[in-house]
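Overview (structure and organization)
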Amino acid sequence: MAPMSNPTVRAIVTDIEGTTTDINFVHKVLFPYAYAKLPDFLRQNAEAPAVAEQIQAVRDVMQDADASLEAVIATLLHWIDTDQKVTPLKALQGMVWADGYQRGDFTGHLYADVAPALRQWQAEGKALYVYSSGSVQAQKLLFGYSDEGDLTPLFSGYFDTHVGHKREAASYQRILDTLDLPPASALFLSDVVEELDAAQQAGMQTLQLVREGTQAGTRHPCATRFDEIHL
């Protein structure tokens, strides 16, 4: 592909699922693992402060302050079944995945072109960030226990749905406020056109990763691999 329109990219914000990571890893490894392990994890750890906080957050979303633990579990499993981007679910999934990564049950999948490009960009002085609907904890776990080892030292920060949903321009504005950079000096990478549209509305540069199974759009520059991205 052609170089980016503005050569002064100082920060790169990347999506994970479908961008750095095969969507199948999330849907065929991580989600089923959380689905299988989450009920017993909650029953065994419901009194732990961090877990109790998220259980209460689920009740808040349910609008049922007195919901039983089993009702909370049933709601969480329904959210997984229907791929709901609910913040307390993401936090609890992250706790379960932490156990799985630490036990060596799986490693975080990365496309082979990702780690070399991230290392090169960081060495060139680009600040690297992640913005994913998965929790910050889950993001750190995936890159910390990745196929390529611990990549977390490469990143300057992480964003999740606490800043807002990924198809809303205001979310990207909040990220830009944190980066304290001119919008045009930040590049957002994603496989989802609607997310790229929102980032573009906030003034960011955008690029669509067209991995296997992704439909290329027409409103953003495209690349099939990270090593095709020429900054």
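Since the structure is predicted, the reported quantities are computational estimates derived from the model, not experimental observations.

**A closer look at the overall build of the protein**
Each helix and strand in the protein was counted, giving 8 helices and 6 strands. N-terminal to C-terminal, the α/β element order of the protein is β-α-α-α-α-α-β-α-β-α-β-α-β-β. Against the compact-globule benchmark of 17 Å for 231 residues, the protein has a radius of gyration of 18 Å, which places it among compact chains. The buried share of the protein, reckoned over its 231 residues, is 53%. Taking contacts inside the protein between residues at least 6 apart in sequence as the whole, the part at least 24 apart equals 66%. Accessible surface, the protein: about 10,500 Å² in total, of which carbon and sulfur atoms supply 48%.

**Regarding the environment of W79**
Within the secondary structure, W79 sits in helix α3 (residues 69–81). Residue classification places W79 among the buried residues on the basis of a relative accessible area of 8%. Sequence separation between W79 and L89 is 10 residues; the distance between their C-alpha atoms is 7.7 Å. Excluding residues within four positions of it along the chain, W79 makes contact with V58, V61, Q84, V86 and L89.

**Re the sheet that holds strand β6 (residues 222–223)**
On the basis of which strands lie adjacent, the open sheet formed by 6 strands has the order β3-β2-β1-β4-β5-β6 and parallel pairing. The sheet is open, and its two borders are formed by β3 (155–159) and β6, each paired with just one other strand. Across 2 bridges, the pairing between strand β5 (residues 205–209) and β6 is parallel. Across the sheet, the residue bridging to L209 is A223, located in β6. Relative to β5, helix α8 (residues 193–201) is tilted by about 170 degrees, and along the sheet it contacts β4 (186–190) and β5.

**Details of helix α5 (residues 114–123)**
Note: α-helices contain 3.6 residues per turn, so residues at a spacing of three or four share the same orientation. For α5, every residue scored as buried is listed here: V114, A115, A117, L118 and W121. Looking straight down α5, one finds that the buried residues subtend no more than 165 degrees of arc, so they occupy a single side. Lining the buried residues of α5 we find β1 (11–14), β2 (127–131), α6 (136–144), β3 and β4. Residue G125 follows α5 closely and has a positive phi angle near 95 degrees.

**Some points on α8**
Within α8, the full set of buried residues consists of V193, E195, L196, D197, A198 and A199. Two residues or fewer after α8 comes G203, characterised by a positive phi angle close to 100 degrees.

**Topic: the pattern of salt bridges**
Inspection of every chain in the model, using the stated rule, returns 10 salt bridges. Put simply, E194 and R167 hold a salt bridge, and the shortest N to O gap is 4.0 Å. Residue E194 is found in helix α8, and its partner R167 is found in the loop between β3 and α7 (169–179); the two are separated by 27 residues along the sequence.

Definitions and cut-offs
- Residues numbered from 1 in each chain as written.
- Predicted model: local features only at pLDDT ≥ 70, side-chain atom pairs only at ≥ 80, totals over all residues.
- Heavy atoms only, no water.
- Helix = DSSP H or I, 4+ residues; strand = E, 2+ residues; numbered from the N terminus.
- Rg over C-alpha atoms; globule rule 2.2 N^0.38 Å.
- Buried < 20%, exposed > 50% of the residue type's maximum accessible area, 1.4 Å probe, protein only.
- Contact = heavy atoms within 4.5 Å.
- Areas by Shrake-Rupley, 256 points an atom, 1.4 Å probe, with all protein chains shown as cover.
- Pairing = 2+ DSSP bridges.
- Axes fitted to C-alpha atoms, helices over the stretch in contact; angles between N-to-C directions.
- Arc of directions from axis to C-beta.
- Salt bridge = Lys/Arg side-chain N within 4 Å of Asp/Glu carboxyl O.

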